[in-house]
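Survey of secondary and tertiary structure
Spelled out from the first residue to the last, the chains are:
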Amino acid sequence: KTISLKPANLEIIDGGDEEDDDGVAVPALASQPTTTKPFRPTAMNGYPGEFKLGYDWREVLPEQSIQRGLEIMASLDEGIPTIARIPRKWRVDVFLDRTQHVRFEVGRTTTVDEVIQKTVELLPVARGVSKLAVDGIPFEGGGEATIEKAALFGKKITVV
């Protein structure tokens, strides 16, 4: 195990430094961290209204609801916000019709073409499909668009 010490967390105590076995001065650790802010992962500030999905951590305000499937970090400590993000890898459901669908893992850089290709691979009756519909609306963004750009997380995806 290694311990990472930051100079900001070290404090010289009255009377100077202690010496280690080799006679080298070693500063003592402060009893309290010198920073006044509580630890908080990098997060985008929350804004009123609907929670804005993203692959980076974003603050969830108390009155906001969030979608199923997000990664969430919540604290019971006062003053530390709840944050959420789209997972780096998540499972997409792609429907051919009401009875046939496939589910597979995607990430933010997976392209729409790769989603169609994987759907045809796992669901051979989908051969010949070349486009996706997102919540019933044909996706016009092009096959090279990524899952992130197409904003497919949490949407109903069908092949057409």
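What you are looking at is a predicted structure, and each value in this text was computed from that prediction instead of being measured.

A sheet is described by the order of its strands in space; here three strands give the open sequence β3-β5-β4, paired in antiparallel fashion. Each edge of the open sheet carries a strand with a single partner, namely β3 (58-60) and β4 (71-73). For this sheet the average axis-to-axis angle between neighbouring strands, irrespective of direction, equals 35 degrees. As defined by bridge partners, β4 adjoins strand β5 (residues 82-85) across three bridges and the pair is classed as antiparallel. When the sheet's bridge partners are listed, Met73 is paired in β5 with Ile83.

So, about the pattern of salt bridges. One pass over the structure, following the stated rule, counts six salt bridges. The salt bridge partner of Asp56 is Arg58, with a shortest N-O separation of 2.7 Å. The class for Asp56 is partly exposed, based on a relative accessible area of 35%. In this structure, the salt-bridge partner of Lys118 is Glu121, at a minimum N-O distance of 3.7 Å. Taken as a pair, Lys118 and Glu121 lie in helix α1 (residues 112-122) at a separation of three residues, close to a single helical turn. For Glu121, a relative accessible area of 54% translates into the label exposed.

Moving on, we come to the environment of Gly46. Inspection of the secondary structure assignment puts Gly46 in the loop between β2 (25-26) and β3. As for Gly46 and Leu61, which are separated by 15 residues in sequence, their C-alpha atoms are 5.9 Å apart. Sequence-distant contacts of Gly46, that is, excluding residues within four places in its chain, are made with Glu59 and Leu61.

Under the criterion given, the structure shown has one aromatic pair. Both rings, one in Trp90 and one in Phe153, keep their centres 5.0 Å apart while their planes meet at 80 degrees; by these two values the pair is edge-to-face. Of the two residues, Trp90 is situated in strand β6 (residues 89-95) and Phe153 in the loop between α2 (147-150) and β10 (157-159); the sequence distance between them amounts to 63 residues. Side by side, Trp90 and Phe153 carry an identical accessibility label, which is buried. Stacked on the ring of Phe95, the Lys or Arg Lys156 has its end atom at 5.2 Å from the ring centre.

Tracing the backbone through its elements, the reader meets Thr110 in the loop between β7 (101-107) and α1. Here Gly107 takes part through its backbone nitrogen, which lies 3.0 Å from a polar atom of the side chain of Thr110. Those residues in contact with Thr110, other than ones at most four positions away along the chain, are Val115, Ala145, Thr146 and Ile147.

Read across the sheet, five strands follow the order β7-β6-β10-β8-β9 without closing on themselves; strand pairing throughout is mixed. Both outer strands of the open sheet, β7 and β9 (137-138), are each paired with one neighbouring strand and no more. Bridging between β6 and β10 involves two bridges; their strand directions are parallel. Looking at the pairing, Val94 lines up with Ile157 of β10. Contacts between α1 and the sheet are confined to β6, β7, β8 (132-134) and β10, with β7 contributing the most and set at about 140 degrees to the helix.

Turning next to the nonpolar core. Grouped together as the largest cluster of nonpolar side chains are 29 residues, with contacts concentrated most on Trp90, Val94, Leu132 and Leu152. Those elements giving two or more residues to this core turn out to be β6, β7, α1, β8, α2 and β10. For this core, the element with the highest residue contribution is α1, accounting for four residues. Aside from chain neighbours lying at most four places away, what touches Leu152 is Trp90, Leu132, Val134, Ile147 and Ile157.

Parameters and conventions
- Residues numbered from 1 in each chain as written.
- Predicted model: local features only at pLDDT ≥ 70, side-chain atom pairs only at ≥ 80, totals over all residues.
- Heavy atoms only, no water.
- Pairing = 2+ DSSP bridges.
- Helix = DSSP H or I, 4+ residues; strand = E, 2+ residues; numbered from the N terminus.
- Axes fitted to C-alpha atoms, helices over the stretch in contact; angles between N-to-C directions.
- Salt bridge = Lys/Arg side-chain N within 4 Å of Asp/Glu carboxyl O.
- Buried < 20%, exposed > 50% of the residue type's maximum accessible area, 1.4 Å probe, protein only.
- Contact = heavy atoms within 4.5 Å.
- Phe/Tyr/Trp six-rings, centres within 6.5 Å; stacked < 30°, edge-to-face > 60°.
- Lys NZ or Arg CZ within 6 Å of the ring centre and 35° of its normal.
- Polar contact = N/O pair within 3.5 Å; in protein donor to acceptor, adjacent residues only side chain to side chain.
- Core = buried A, V, L, I, M, F, W, Y, C linked by side-chain atoms within 4.5 Å.

Geometric descriptors of this kind do not, in isolation, establish any biological role.
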